[in-house]
Amino acid sequence: MAREHNPVKGQWYDNLEDDDSFQVLSIDEDAELIEIQYVDGDIEEIDYETWHELDLELTVQPEGWTGSEEEDEDDDDDWDDDDDEDDDDDDDWDDDDEDDDDDDDGRYGDRDDY
């Protein structure tokens, strides 16, 4: 008898019939597909009907799990977070504008003049 567990993105499950562990990567409710990734890195899409036939048990992330390639791609969105420490000098590009106000020779006038 299959144990009913709804798929939850990021949750790990043990398939008791196949003795496999996997994580849910995504759920496409419109297409009724669930993308899963096994511990060995293999990725598979299964439909809701197949999901509900599985004998599943909730589990935790396996020890030593390095993550999926998709998770690594998401980390690329934060590329500038790591570089902020080195780029502090580059972030003051507009600081010179404040100094230019003191040296204004009147060529450009005030914005209110337009």
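All values derive from a computational prediction rather than experimental measurement.

(A) Structural context of the overall build of the chain. Counting its regular elements, the chain contains four helices and five strands. Going residue by residue from the N terminus, the α and β elements of the chain occur as β-β-β-β-α-β-α-α-α. Counting the 114 residues in the chain, one finds 18% classified as buried. Across the chain, every contact between residues at least 6 apart in sequence was considered, and the portion connecting residues at least 24 apart equals 44%. Total accessible area computed for the chain in this model is approximately 9300 Å², and 36% of it derives from carbon and sulfur atoms.

(B) Spatial organisation of unusual backbone geometry. Positive phi is not limited to glycine here, since Asp19 has a value of about 55°. With respect to the helices, strands and loops of the structure, Asp19 is situated in the loop between strand 1 (12–15) and strand 2 (20–28). On the basis of relative accessibility, which here comes to 72%, the residue Asp19 falls in the exposed class. One non-glycine residue, Glu32, lies in the positive phi region at around 55°. As for its position among the elements, Glu32 is in the loop between strand 2 and strand 3 (33–38). Exposure remark for Glu32: the relative accessible area of 45% places this residue in the partly exposed category.

(C) Looking closely at the packing of aromatic side chains. All told, the structure shown has four aromatic pairs when counted by the stated rule. Between the aromatic rings of Tyr13 and Trp51, the centroid separation amounts to 5.0 Å while the plane-to-plane angle is 90°, which identifies the pairing as edge-to-face. Taken as a pair, Tyr13 in strand 1 and Trp51 in helix 1 (residues 48–53) lie far apart in primary sequence, 38 residues in all. On the basis of relative accessibility, which here comes to 2%, the residue Trp51 falls in the buried class. For the pair Phe22 and Tyr38, a centre-to-centre distance of 5.9 Å together with 70° between the ring planes defines the contact as edge-to-face. Placement of the pair is Phe22 in strand 2 and Tyr38 in strand 3, with a sequence separation of 16 residues. Residue Phe22 shares its accessibility class with Tyr38, and that shared class is buried.

(D) Just the sheet that holds strand 1, in detail. Across the sheet, which stays open at both edges, the five strands sit in the order 4-3-2-1-5 with antiparallel pairing between neighbours. Edge positions in the open sheet fall to strand 4 (43–47) and strand 5 (56–59), since each of these has one partner strand only. The mean inter-strand angle of the sheet, taken between neighbouring strand axes irrespective of direction, is 40°. In terms of strand pairing, strand 1 meets strand 2 through four bridges, oriented antiparallel.

(E) Region of the structure containing the side chain of Gln37. Relative to the elements of secondary structure, Gln37 occurs in strand 3. Here Gly41 takes part through its backbone oxygen, which lies 3.2 Å from a polar atom of the side chain of Gln37.

What counts and what doesn't
Residues numbered from 1 in each chain as written. Predicted model: local features only at pLDDT ≥ 70, side-chain atom pairs only at ≥ 80, totals over all residues. Heavy atoms only, no water. Helix = DSSP H or I, 4+ residues; strand = E, 2+ residues; numbered from the N terminus. Buried < 20%, exposed > 50% of the residue type's maximum accessible area, 1.4 Å probe, protein only. Contact = heavy atoms within 4.5 Å. Areas by Shrake-Rupley, 256 points an atom, 1.4 Å probe, with all protein chains shown as cover. Phe/Tyr/Trp six-rings, centres within 6.5 Å; stacked < 30°, edge-to-face > 60°. Pairing = 2+ DSSP bridges. Axes fitted to C-alpha atoms, helices over the stretch in contact; angles between N-to-C directions. Polar contact = N/O pair within 3.5 Å; in protein donor to acceptor, adjacent residues only side chain to side chain.

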